[in-house]
Amino acid sequence: MQVHFVIHESFEAPGAYLAWAALRGHEVAITKVYQFEPLPETADDFDLLIVMGGPQSPTSTQEEFPHYNAQAEIDLIQKAIKADKYIIGVCLGAQLLGQAYGGTCLASPEREIGNFPIELTQAGRSDSRLSHIPQGLVVGHWHGDMPGLSEGAQILATSQGCPRQIVAYSHKHFGFQAHLELTKDLVKQLLAQEKDIEGGSQKYTYVQGAKDILAYDYDQMNQALYQFLDKLTQS
């Protein structure tokens, strides 16, 4: 399988997504948007498109982020949809996937930074690709927005701070607002971008301090992600 990653910032790395691709022996290509690398012109050269997160939103402009062209990424996602490719959007990527389907990105009810449980909805419990995920699995979060919904989209998982943690737009296209790919090394990079994580932990219900975030063992959420990816790509 050929897996193509779109990465918006060096500190928003693919983590366990990339590790899974390596462990399964898949071929990997990467577009580093932050280095002004061009997006693929077509969906011909990959089987799975994974669009990662970033500090941007679907409405961010190139004046704000010169390396980021939201519409170009939405166009690529739509090409992948038409070509019947597997697609996973993570955080910003999930929001762009929602936009590609005609949804509108919204602010999440709560800002979430840290590790908090998710709960599968009835639709999520009925989806065989998520059947291994226990209710209350603690996963990573690092966001203030959430993906928009299109006609036919199904919310598969929620959290107390955000009602759209995993969204299925089709049987091959999934948006993950949550970050199951996080590792301690990735978390260190993300924390370095936060101006006042400790102040945020005092202000916001679902923002943890750096010590608590770094103390967490990310293996369980990574393993849950691996199993999801195996089931998705074998279906």
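Residues numbered from 1 in each chain as written. Predicted model: local features only at pLDDT ≥ 70, side-chain atom pairs only at ≥ 80, totals over all residues. Heavy atoms only, no water.

Labelled according to an unreviewed UniProt entry, the protein chain appears under the name Glutamine amidotransferase, originating from Streptococcus downei MFe28.

Take the overall build of the protein chain next. When its secondary structure is counted, the protein chain shows eight helices and nine strands. Against the 2.2 N^0.38 benchmark of 18 Å for 235 residues, the protein chain shows a C-alpha radius of gyration of 16 Å, consistent with a compact globule. Overall size of the protein chain, expressed as C-alpha extent along the three principal axes, is 45 × 45 × 35 Å. Burial status across the protein chain gives 54% buried among its 235 residues. A separation of at least 24 residues holds for 74% of the contacts in the protein chain among residues at least 6 apart in sequence. Just so you have it, the protein chain exposes about 10,200 Å², and 47% of that area is on carbon and sulfur atoms. (Helix = DSSP H or I, 4+ residues; strand = E, 2+ residues; numbered from the N terminus. Rg over C-alpha atoms; globule rule 2.2 N^0.38 Å. Buried < 20%, exposed > 50% of the residue type's maximum accessible area, 1.4 Å probe, protein only. Contact = heavy atoms within 4.5 Å. Areas by Shrake-Rupley, 256 points an atom, 1.4 Å probe, with all protein chains shown as cover.)

This paragraph deals with helix H2 (residues 70-82). Here H2 contains 13 residues, and its C-alpha end-to-end distance of 18 Å stays within 8% of the 18 Å for a straight helix at 1.5 Å per residue. Where H2 is buried, its residues contact strand E1 (2-7), strand E3 (48-51), strand E4 (86-90) and helix H3 (92-100). The N-cap of H2, judged by a side-chain oxygen 3.2 Å from the amide nitrogen of Gln 71 a few residues on, is Asn 69. Positive backbone phi, at 60°, marks Asp 84, one or two positions downstream of H2. (Expected span 1.5 Å × (residues − 1). Polar contact = N/O pair within 3.5 Å; in protein donor to acceptor, adjacent residues only side chain to side chain.)

The next subject is the packing of aromatic side chains. Tallying each qualifying case throughout the model produces five aromatic pairs. Between Phe 116 and Tyr 206 the ring centres are 5.7 Å apart and the planes differ by 85°, which places this aromatic pair in the edge-to-face class. Taken together, the positions of Phe 116 in strand E5 (residues 106-120) and Tyr 206 in the loop between helix H6 (197-203) and helix H7 (210-214) put the pair 90 residues apart, joining distant regions of the chain. Considered together, Phe 116 and Tyr 206 belong to a single accessibility category, that of buried residues. When the ring of Phe 174 is compared with that of Phe 228, the centres are 5.2 Å apart and the planes differ by 80°; the resulting orientation is edge-to-face. Residue Phe 174 is located in strand E9 (residues 173-176), and its partner Phe 228 is located in helix H8 (residues 219-234); the two are separated by 54 residues in the primary sequence. Like Phe 174, the residue Phe 228 is buried in the burial classification. Members of the aromatic cluster, connected to one another through ring pairs, are Phe 174, Phe 176 and Phe 228. Against the face of Tyr 86 rests Lys 172, its NZ or CZ located 4.8 Å from the ring centre. (Phe/Tyr/Trp six-rings, centres within 6.5 Å; stacked < 30°, edge-to-face > 60°. Lys NZ or Arg CZ within 6 Å of the ring centre and 35° of its normal.)

Turning to the pairing of strand E7 (residues 154-158), a few remarks are in order. Sheet topology places E5 next to E7; two bridges connect them, and they run antiparallel. Pairing of Leu 120 across the sheet is with Ala 157, part of E7. One ladder, built from three bridges, connects E7 with strand E8 (residues 166-170); its direction is antiparallel. Looking at E8, one finds that Ile 155 is bridged to Val 167. (Pairing = 2+ DSSP bridges.)

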